[in-house]
Amino acid sequence: QQYGRLSSTLYSMFRSQNVVNVVRSDKALEALFGGWVQHVLDTPNMDKSLVMYLVLEYDMNDIGLAFARKLLKEKSQSQNTLDHAATCIARFGSTADLPLLFGLMKDERLTNTWSRGQGKPLVKTQLRDRALAMSIHLVGKKPSDFGIPFAAATPKYIFQTYSCGF
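1. Describing the overall build of the protein chain
When its secondary structure is counted, the protein chain shows eight helices and four strands. Reading the helices (α) and strands (β) of the protein chain from amino to carboxyl end gives α-α-α-α-α-α-α-β-β-α-β-β. Expected size for 166 residues packed as a compact globule is a radius of gyration near 15 Å; at 16 Å, the protein chain falls within 12% of this value. Oriented by its inertia axes, the alpha-carbon framework of the protein chain measures out at about 45 × 40 × 30 Å. Sequence separation of at least 24 residues holds for 59% of the intrachain contacts in the protein chain that already meet a minimum separation of 6. Only carbon and sulfur atoms are counted for the fraction: they give 54% of the accessible area of the protein chain, which is about 8800 Å².

Structure, rendered in structure tokens:
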């Protein structure tokens, strides 16, 4: 539990744009940060969602892709962690990774909800919706061509996490 609080504090610090800039500008700090990320990812019985977010934020291709593949094979993490793992696959992987995303296509756990305004139905995004959007991206197509009406592109997450729902 102590380690979880420390990780949460470090996560908050590493999200700061000033810290991101400093870490990215110093190879020694970048290596230290990468070691901490790898350690957290290797720690059993711990939700990996926060660290997977940092993997995406810091463009940690090798660490992110290897661990995303592992997480998607196990499927034992939270839906938010698996969502980040699917995003790592879409950003850093290839079409050879599509079977990992297909494994999430029946997962109905919610990843996000949002309101499009008064009187309009709530948009609910499930893990399967995100996996579908990431699969579509990997094959070079647009979600709108497959009936995903709200997908909003973003460089770090391919599509805004809330925008892939129905």
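2. Description of the environment of K142
One can find K142 in the loop between α8 (127-138) and β3 (153-154). Spatially, the C-alpha atoms of K142 and A153 are 9.9 Å apart, while their sequence positions differ by 11 residues.

What counts, and where the lines are drawn
Residues numbered from 1 in each chain as written. Predicted model: local features only at pLDDT ≥ 70, side-chain atom pairs only at ≥ 80, totals over all residues. Heavy atoms only, no water. Helix = DSSP H or I, 4+ residues; strand = E, 2+ residues; numbered from the N terminus. Rg over C-alpha atoms; globule rule 2.2 N^0.38 Å. Contact = heavy atoms within 4.5 Å. Areas by Shrake-Rupley, 256 points an atom, 1.4 Å probe, with all protein chains shown as cover.

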